[in-house]
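Secondary and tertiary structure notes
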Amino acid sequence: MKMPGNSPPVSRPPAGEARDRILAAAGARLAEIAGITGKGADVPPWPVPVSTLIRRVFSGPFSRSVHEIDRTFSVSGACISCGTCAEVCPVKNKVIEQGRPLWQHRCKPCCACLTLRMAGTIQPAVMRGTKERGRKPHHGLEVDDLKALAGK
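About the thresholds
- Residues numbered from 1 in each chain as written.
- Predicted model: local features only at pLDDT ≥ 70, side-chain atom pairs only at ≥ 80, totals over all residues.
- Heavy atoms only, no water.
- Helix = DSSP H or I, 4+ residues; strand = E, 2+ residues; numbered from the N terminus.
- Buried < 20%, exposed > 50% of the residue type's maximum accessible area, 1.4 Å probe, protein only.
- Areas by Shrake-Rupley, 256 points an atom, 1.4 Å probe, with all protein chains shown as cover.
- Salt bridge = Lys/Arg side-chain N within 4 Å of Asp/Glu carboxyl O.
- 1 Å grid on protein atoms, 1.4 Å probe; cavity = no way out; pocket = protein on both sides within 12 Å on 5 of 7 lines; lining within 4 Å.
- Points joined across faces, edges and corners; volume = space filled by probe spheres on them.
- Nonpolar A, V, L, I, M, F, W, Y, C, P; charged D, E, K, R; others polar.
- pLDDT = per-residue confidence, 0-100.
- Pairing = 2+ DSSP bridges.

**With respect to the overall build of the chain**
Scanning the chain for helices and strands turns up 5 helices and 4 strands. When its helices and strands are written in sequence order, the chain yields α-α-β-α-β-β-α-β-α. Buried positions account for 30% of the 152 residues belonging to the chain. Entry remark: accessible area of the chain is about 9,900 Å², with carbon and sulfur atoms responsible for 59%.

**Looking at the pattern of salt bridges**
A complete count under the given rule lists 2 salt bridges for this structure. Arg-29 is the partner of Glu-32 in a salt bridge, and the nearest nitrogen-oxygen pair spans 3.0 Å. With Glu-32 and Arg-29 both in helix 1 (residues 16-38) and 3 residues apart, the pair spans about one turn of that helix. The class for Glu-32 is partly exposed, based on a relative accessible area of 45%. Owing to a relative accessible area of 35%, Arg-29 belongs among the partly exposed residues under this scheme.

**Some thoughts on empty space enclosed by the protein**
Taken as a whole and assessed by the stated rule, the structure comprises 1 cavity of 30 Å³ or more. What the largest cavity holds in volume is close to 120 Å³. Together, 16 residues line the largest cavity, and Cys-89, Lys-94, Cys-107, Cys-110 and Cys-113 are the ones closest to its centre. Elements with a minimum of two residues in the lining of the largest cavity: helix 3 (84-88) and helix 4 (112-115). Per-element tally for the lining of the largest cavity: the top contributor is helix 4, with 3 residues. The residue makeup of the lining of the largest cavity, split by class, is 13 nonpolar, 1 polar and 2 charged.

**Let's talk about the confidence of the model for the chain**
Interpretation of the predicted coordinates at a detailed level should be avoided for regions scoring low in pLDDT. With 70% of its residues at a pLDDT of 70 or more, the chain has an overall mean of 76. The spread of mean pLDDT over the elements of the chain runs between helix 2 (residues 48-65), the lowest at 70, and strand 2 (residues 94-97), the highest at 91.

**Topic: the pairing of strand 2**
Walk down a regular strand and you will see the side chains alternate between the two sheet faces. Sheet topology places strand 2 next to strand 3 (residues 100-103); 4 bridges connect them, and they run antiparallel. When the bridges of strand 3 are listed, Ile-96 appears paired with Pro-101. Linkage of strand 2 to strand 3, two consecutive antiparallel strands, is achieved through a turn of 2 residues, within which Gln-98 is found at a positive phi near 50°.

Set out below in structure tokens:
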């Protein structure tokens, strides 16, 4: 199912009508999937051979390095030392020291700290960074929702 790109290091999320069209189509597809699964139908994933190959080629290197991705993150002067990035982190990967986030290298690249209200403050250097890319906030989630998910 196509969704608006929301991985800041990789994509530039669409805005306005383009985003709304993608979300409307995704909502319709989700309703279709819910109907199928609600009937107990067994639908195999598509395309199984391709996804198996992709997983075998990329999964190992990715899973060995994913926790270290935060080593590429930097914090701009726009940081107001609010600590929200640490509070919304579901794996408690950040502590605030001297008013700045300090990563603990157990990142699970959810991108909450990159997209939620602090947009532009935290910058990853991977995949050419995100400085010139738009960032789409977590759709329908507020800071308190993410804090609750993180156990705060």
